Amino acid sequence: MMIPAPLPGTNPNGTAPQSAPPTAAPATLSAAAPAITYGEFAAAVKDALRDVHSPDLLARNRLLRDGLWNFGGSAGPQELKTLLCETVHTLFGNARDEKLRRILELTYSEPFLKQEAVADRLALSFGTYRRHLSNARDRMARWLWETSRLVPIQSQLPLAVSPTAKGASAVGDTEAGPATGEPATPRLSIVVLPLLNIGGSAEDDPFVDGITETLTTDLSRCSGVFAISRNTAFAYKGKPIDTRQIGRELGVRYVLEGSVQNTGERIRFNAQLVDAESGGHLWAERFDKQRGDLLDVQDEVTTRLARTIHIEMVAAESRRAARERPGRFDAVDHTLLGWAAWNQNLSLDSARQARRFFETALRLDEHNVGALIGFANAHMWEVNMSYASDDRAAQIRAAETVAKQALALASDRAEAHVTYGTVLYAMRAAERALREFEFAVGLDGNLAAAHAYLGLMKFSLGRARETRAHVAEAMRLSPRDPLLFQWHFFIGVGELYLGRVVHGIESLRKSVEINPNWGLAQFILAAALALAGLLAEAAEVRAVAQRLVPNFTIARFRAGAASDNPAYLAQREHLYNGLRLAGVPEDRDG
């Protein structure tokens, strides 16, 4: 599969101008590099950030001019630029440091923004912005200084094909051992240890063991996950647990342990995800369920846990890759990093960031199904869920190409059908999209996203009364899903289409509260508030939305209608009026 040509309005590497450049592998200090103090090094990094869009100035930077970095024989401004951008994504990629990442990206990745404008966009006083910028720069320089001096690795151009990466098509593929070249532990590998039956009678043992077995099965169906069989795991039942020893014996990176406590009317579940190499706890959850049909309880619990555990393992492996091999990312690493970015609070910027990771993965391995699905999803987020595309047709074609490739490689994978359904949605083939989502549910009835998109399709086909039930099922299956904000939005729009504006506002507020970075939800909330007569608040929300998606217009939103259903189109006219009342421009000249 060929990666589609860059879209109009993007850089040659396929990224949008306002987004950070594509990821690359950080280089390392040359062993023969001239002596330099940390102060001089930090100053050179600061200068390089300032000049990141000026190749002539970068070429004269000390990092290149004095040979401080060992880029191999092809060192140049582009390699330095990609190094800086990759470092920002690696070092400030977690939610805690999102503000620092945004400060660096807006300050240095958008060359025409003045610092005062960056501070204003981030709602910071100029003094606070300057302190954060200084701290972020120093932290970045210190990290580069220390890691480059202590971890000598070979540099690698961002889109070069690595011989060892070809064929690494599954997210959970193994990586070569550091010295022998033998396969190491699979990345998303896990054993579910038999859950403890706390305080229950022997009659509860089959139920508790059933949860262990079903959870193992559900995890094995997650993308790229290598799960140890139930029979092997049950060999550890009733024995003292040393997670690091278990990890070595079974060759897994993660161990799930937990317990079930039956208190009569309620059943309490505890689960902990443990890093098998360090023994450290990565995630834990406790929740209660009312005792009912035990098989229904079992299915709901295991579905909820499997989705969350998969997300946590992807995040942990992306952090491990950034920490352990920052200069040697392969296709699997880039795919994991893309999904980790996707699982954060999605915005236009984070979707584009994820797309860059997926695109790089596909240049390394064109058969990586996880990257194919992610690449298409990221395009469709910009088209269907942001209305920010400057070339809608080109992005739909790009997504259609890779979605069909994913289906050809994994026709039995429900996620691939969901992704193709979103492409059909963008193509105004609503009935076909509905069938894709229904087929996905048939393949995997526990795939929450498929149920949510069924809700979207119902109001897109003039059947808004059916939306809430489908989305409620998605929420039941995955109540803490990273896409929960989107599902509240689907319910809110469905309520607006039914004329229940107050109920719509309630759901739209939940969407915005969960993820304030999603511009579309802010625009539709502004429209709903305007329809309710709350014009002042509508104008405030609309202003926030326009900062997130500056080129959003009513004309763009109208062009994104998903079907020709008369009831649906009539309901959208009501929404267009709300957008006008909120102050959204009709078109670019409006």
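Remember, predicted model here, so these are calculated numbers, not experimental data. (Residues numbered from 1 in each chain as written. Predicted model: local features only at pLDDT ≥ 70, side-chain atom pairs only at ≥ 80, totals over all residues. Heavy atoms only, no water.)

Description of the overall build of the protein chain
Quick note on the threshold: Numbered from the N terminus, helices here are DSSP runs of H or I no shorter than four residues, and strands are runs of E no shorter than two. The cut-offs for exposure are 20% and 50% of the maximum accessible area for each residue type, with area from a 1.4 Å probe on protein chains only; residues under the lower value are buried, those over the upper are exposed, and the others partly exposed. By the convention used here, residues are in contact when the closest approach between their heavy atoms is within 4.5 Å. All accessibility values rest on the Shrake-Rupley procedure with a 1.4 Å probe; residue burial counts only the protein chains present in the view.
Secondary structure summary: the protein chain contains 25 helices and 8 strands in total. Counting the 590 residues in the protein chain, one finds 57% classified as buried. Considering only contacts within the protein chain whose residues lie at least 6 apart along the sequence, 63% involve residues at least 24 apart. Here the protein chain displays about 24200 Å² of accessible surface, and carbon together with sulfur accounts for 51% of that area.

Section: helix α14 (residues 369–384)
Rules: Here a helix's expected span is defined as the number of its residues, less one, multiplied by 1.5 Å. Pairing of N or O atoms within 3.5 Å defines a polar contact, subject to two protein rules: one partner must be a possible hydrogen donor and the other a possible acceptor, and residues neighboring in sequence count only if both atoms are side-chain atoms.
Taking 1.5 Å of rise per residue, 16 residues should cover 22 Å, and α14 covers 22 Å from first to last C-alpha, within 8% of that figure. Burial runs high along α14: 16 of the 16 residues are buried. Its side-chain oxygen placed 3.1 Å from the backbone nitrogen of G370, N368 serves as the N-cap of α14.

Considerations on unusual backbone geometry
In this structure, A123 is a non-glycine residue whose phi angle is positive, near 60°. Among the secondary structure elements, A123 is positioned in the loop between α6 (115–121) and α7 (126–150). A positive phi angle, near 65°, is found at R428, a position not held by glycine. With respect to the helices and strands, the residue R428 is situated in the loop between α16 (414–426) and α17 (430–443). For R428, a relative accessible area of 33% translates into the label partly exposed.

Side note on the packing of α16 against helix α18 (residues 448–460)
So the rule is basically this: Orientation is described by axes fitted as lines to C-alpha atoms, over the contacting stretch for helices, and by angles from 0 to 180 degrees between their N-to-C directions. In this scheme, roughly parallel covers angles under 35 degrees and roughly antiparallel covers those over 145, while 65 to 115 is roughly perpendicular and the rest are oblique. Handedness of a crossing follows from how the near helix is turned relative to the far one, being left-handed for an anticlockwise turn of less than a right angle and right-handed for a clockwise one.
Where α16 contacts α18, the two axes come as close as 11 Å, and the packing angle between them is 20°. Judged by the angle between their axes, α16 and α18 are roughly parallel. Judged by the twist between their axes, the crossing of α16 over α18 is left-handed. Residue-level contacts link V418, T422 and Y425 of α16 to A450, Y453, L456, M457 and S460 of α18.

Structural notes on the side chain of E382
Along the chain, E382 falls in helix α14. The class for E382 is buried, based on a relative accessible area of 5%. Setting aside its immediate chain neighbours within four residues, E382 contacts L348, R352, R355, Y387, A388, S389 and Q395.

Comments concerning the pairing of strand β8 (residues 281–290)
Stated precisely, the cut-off is as follows: Only strands that DSSP links by at least two bridges are regarded as paired with each other.
Two elements, strand β7 (residues 266–275) and β8, share 9 bridges in a ladder whose sense is antiparallel. Bridge pairing in β8 places R266 opposite Q290. Here β7 folds back onto β8, and the loop between the two strands holds 5 residues, one of which, G279, carries a positive phi near 80°.

Brief notes about the environment of A388
By the secondary structure assignment, A388 is in the loop between α14 and α15 (392–409). Remark: the alpha-carbon pair of A388 and G519, spanning 131 residues in sequence, is separated by 9.6 Å.

A few points about the nonpolar core
Our working rule: In these notes, a set of buried Ala, Val, Leu, Ile, Met, Phe, Trp, Tyr and Cys residues joined through side-chain atoms within 4.5 Å is what counts as a nonpolar core.
Among the nonpolar cores identified, the biggest contains 134 residues, and I190, I309, W487 and F490 are the most heavily contacted of them. The residues touching W487, leaving out its near neighbours within four places in the chain, are A448, A449, A452, V471, A474, M475, S478 and D481. Counting 30 residues, the second-largest nonpolar core is a separate cluster that includes L80, L83, V88 and L144.

Things to note about the layout of surface pockets
How we decide: Cavities and pockets are defined on a 1 Å grid built over the protein atoms alone: a cavity is a set of grid points where a 1.4 Å probe fits but cannot escape, while a pocket is an open set with protein on both sides within 12 Å along at least five of seven lines, and lining residues are those with an atom within 4 Å of any such point. Grid points are joined across faces, edges and corners, and a volume is the space filled by probe spheres set on the points. Each residue receives one of three labels: charged for Asp, Glu, Lys and Arg, nonpolar for Ala, Val, Leu, Ile, Met, Phe, Trp, Tyr, Cys and Pro, and polar for the others, Gly being one of them.
Taken as a whole, the second largest pocket spans an internal volume of roughly 1200 Å³. Lining the second largest pocket are 50 residues, and of these S223, R307, H310, E415 and L447 lie nearest its centre. Elements represented by at least two residues in the lining of the second largest pocket include exactly α8 (205–220), α11 (294–324), α12 (331–342), α14, α16, α18 and α20 (484–497). Ranked by the residues each element gives to the lining of the second largest pocket, the list is headed by α14, at 7 residues. Grouping the constituent residues of the lining of the second largest pocket by class yields 27 nonpolar, 15 polar and 8 charged.

Examining the confidence of the model for the protein chain
For the record, the criterion: Confidence of the predictor at the level of single residues is captured by pLDDT, which takes values from 0 to 100.
The pLDDT averaged across the protein chain works out to 83; a share of 83% of its residues lies at or above 70. Note on residues 149–170: pLDDT under 50 across the span, and 49 contacts to partners over four residues away in sequence or across chains. Predicted confidence is poor over residues 176–183, with pLDDT under 50, and the contacts of this stretch with residues over four places away or in other chains come to 8 contacts.

Here's the deal with the packing of aromatic side chains
We apply this condition: Aromatic rings from Phe, Tyr and Trp, taking only the six-membered ring of Trp, are treated as a pair when their centres fall within 6.5 Å; an angle between ring planes under 30 degrees marks them as stacked, one over 60 as edge-to-face, and anything in between as tilted. Cation placement over rings: the criterion is NZ of Lys or CZ of Arg within 6 Å of the ring centroid and within 35° of the ring normal.
By the definition in use, this model includes 18 aromatic pairs. Geometrically, the ring pair formed by F485 and W518 is edge-to-face, given 5.3 Å between the ring centres and 80° between the ring planes. In this pair, F485 sits in helix α20 while W518 sits in the loop between α21 (501–514) and α22 (519–531), placing the two residues 33 residues apart along the sequence. F485 gets classed as buried once you look at its relative accessible area, which sits at 0%. Look at W518 and you get buried, because its relative accessible area is 1%. Residue placement shows R304 over the ring face of F287; its charged tip is 4.1 Å from the ring centre. Above the face of the F557 ring, R572 is positioned so that its terminal group lies 4.1 Å from the ring centre.

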